[in-house]
Amino acid sequence: MDSVASPGRNEDGYLLSEMLVALSVFAVMAALIAGFMGQLGAIKRIEDELAARARLDATSVYLRRVIVSAKPLRLLDSGTNTNQIFDGKSNSIRFAAITRGGLFSLALRDVHIFARAREERSALALAHTVTARRLVSGGPAPAGAPIMIVENLETVLFDYSDGTNWYETWPDGTRFPAAIRIRLSSKIGRKIVRTETVIQL
């Protein structure tokens, strides 16, 4: 006796309804995976922003610690006819300070903190040099090699207050400003992460 095939099914195939159910399951799984991957991307962006903010905050703390150690001493390269103790511009600061010269020793040095463009990309880097406060061959000692503080910055801005007004460039190098404002920003994807700190002197 010959067997009769079920309606809608060939001998080796599936019912149309079975195929539709399988496709629906695949569609639901694809939607769930896409949502999960989207959440992973959002988590990664949040982690990157938090890391960038922590990096900027740590930089601000470091700059505060160095700047508050400034001493009202004439900069060695300011020339014999001037009594310049502070040089403040929108992207750099110079002053004398007590800095660590090793694990257990402190030394008085001229400090230069400055922003510079990175050659390989348009981002800025914040660096500093320290110069020994001694004369070499009748002139100031050469500055040390630049030490990188932080890289991949979008902006680096310093401005200075006399207690009343703010200046992009400090107008009187023979005295310290009352306060220094430091603004840093870093670009993470399409978002700009910013930090601002005011240091009283």
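I will try to describe carefully the structure that is included in this document.

## Focus on the overall build of the protein
In terms of regular secondary structure, the protein is built from one helix and 12 strands. The order of α-helices and β-strands along the protein, N terminus first, is α-β-β-β-β-β-β-β-β-β-β-β-β. The proportion of buried residues among the 201 residues of the protein is 31%. Across the protein, every contact between residues at least 6 apart in sequence was considered, and the portion connecting residues at least 24 apart equals 48%. For the protein, the exposed surface amounts to about 13,000 Å²; the carbon and sulfur share of it is 58%.

## A look at the packing of aromatic side chains
Taken as a whole and judged by the stated rule, the model has four aromatic pairs. Summarising the aromatic geometry, the rings of Phe86 and Phe95 are spaced 6.5 Å apart at their centres and angled 15 degrees between planes, so their arrangement reads as stacked. What makes Phe86 buried here is its relative accessible area of 1%. With 6.1 Å between their ring centres and 75 degrees between their planes, Tyr167 and Trp170 make a pair best called edge-to-face.

## A closer look at the sheet that holds strand β10 (residues 166-167)
The four strands lie next to each other as β10-β9-β11-β12, forming an open sheet whose pairing is antiparallel. The sheet is open, and its two edges are formed by β10 and β12 (191-200), each paired on a single side. Both strand β9 (residues 155-161) and β10 contribute to a ladder of two bridges, which runs antiparallel. Following the sheet pairing, Tyr160 is matched in β10 by Tyr167.

## Remarks on a nonpolar patch on the surface
The grouping of Leu20, Val21, Leu23, Val25, Phe26 and Met29 at the surface amounts to a nonpolar patch, some 600 Å² of accessible area in total. Along the chain, Phe26 falls in helix α1 (residues 16-67).

## Considerations on the side chain of His128
Tracing the backbone through its elements, the reader meets His128 in strand β5 (residues 124-132). Overall, His128 belongs to the buried group, its relative accessible area being 8%. Ignoring sequence-local partners within four residues, the contact set of His128 consists of Tyr62, His112, Ile113, Phe114, Ala145, Pro146, Ile147 and Ile149.

## Describing the pairing of β9
Where burial is concerned, most of β9 is hidden: five out of the seven residues are buried. Sheet analysis places β9 next to strand β11 (residues 179-188), joined by seven bridges and oriented antiparallel. Paired with Ser161 across the strands is Ala179, a residue of β11. Linking β9 to β10, which pair antiparallel, is a turn of four residues; within it Gly163 sits at a positive phi near 105 degrees.

## Some thoughts on the layout of surface pockets
Approximately 280 Å³ is the volume attributed to the largest pocket. In terms of lining, the largest pocket is formed by 13 residues, of which the most central are Tyr62, Arg65, Val66, Thr99 and Arg100. Elements supplying a minimum of two residues to the lining of the largest pocket: α1, β3 (92-100), β4 (106-117) and β5. Classifying every residue of the lining of the largest pocket by side-chain character gives seven nonpolar, three polar and three charged.

## Brief notes about the nonpolar core
Of all hydrophobic cores here, the largest spans 28 residues; its most connected members are Ile67, Phe86, Phe95 and Ile113. Elements with a contribution of two residues or more to this core: α1, β3, β4, β8 (147-153), β9, β11 and β12. The element that contributes the greatest number of residues to this core is α1, accounting for five residues. Apart from the residues lying within four places of it in its own chain, the contact partners of Ile67 are Ile93, Phe95, Ile113, Ile180, Ile182, Ile199 and Leu201.

Rules of the game
Per chain, residue numbering runs from 1 following the sequence as it is written. Restriction of local features to residues with pLDDT of at least 70 applies here, the model being predicted, together with a cutoff of 80 or more for giving and counting side-chain atom pairs; totals for whole chains, interfaces and linings are based on all residues. The side-chain numbers reported here are obtained from all heavy atoms of the structure, hydrogens and water having been left aside. Numbering of helices and strands starts at the N terminus; helices are DSSP runs of H or I of at least 4 residues and strands are runs of E of at least 2. When a residue's accessible area, from a 1.4 Å probe over protein chains only, is under 20% of the maximum for its type it is buried; when over 50% it is exposed; and in between it is partly exposed. Contacts are residue-level and defined by heavy atoms, with any inter-residue pair within 4.5 Å sufficient. Using a 1.4 Å probe, the Shrake-Rupley method yields the accessible areas, and only the shown protein chains count as cover for residues. Pairing of aromatic rings covers Phe, Tyr and Trp, the last counted by its six-membered ring, and requires centre-to-centre distances within 6.5 Å; plane angles under 30 degrees mean stacked, over 60 mean edge-to-face, and any other angle means tilted. Strand pairing follows a simple DSSP-based rule, namely that at least 2 bridges must link the two strands. Patches here are clusters of residues that have more than 30% relative accessible area and form no salt bridge, with a 9 Å joining cutoff for like charges and a 5 Å cutoff for nonpolar side chains (Val, Leu, Ile, Met, Phe, Trp, Tyr). Put simply, a salt bridge is a Lys or Arg side-chain nitrogen that is within 4 Å of an Asp or Glu carboxyl oxygen. Whether a set of points on the 1 Å grid over the protein atoms alone is a cavity depends on a 1.4 Å probe fitting there but being unable to get out, while an open set qualifies as a pocket with protein on both sides within 12 Å along at least five of seven lines; lining residues are those with an atom within 4 Å of a point. Grid points are joined across faces, edges and corners, and a volume is the space filled by probe spheres set on the points. Three residue categories are used. Nonpolar comprises Ala, Val, Leu, Ile, Met, Phe, Trp, Tyr, Cys and Pro, charged comprises Asp, Glu, Lys and Arg, and polar comprises the others, including Gly. Residues belong to one nonpolar core when they are buried, are Ala, Val, Leu, Ile, Met, Phe, Trp, Tyr or Cys, and are joined through side-chain atoms within 4.5 Å.

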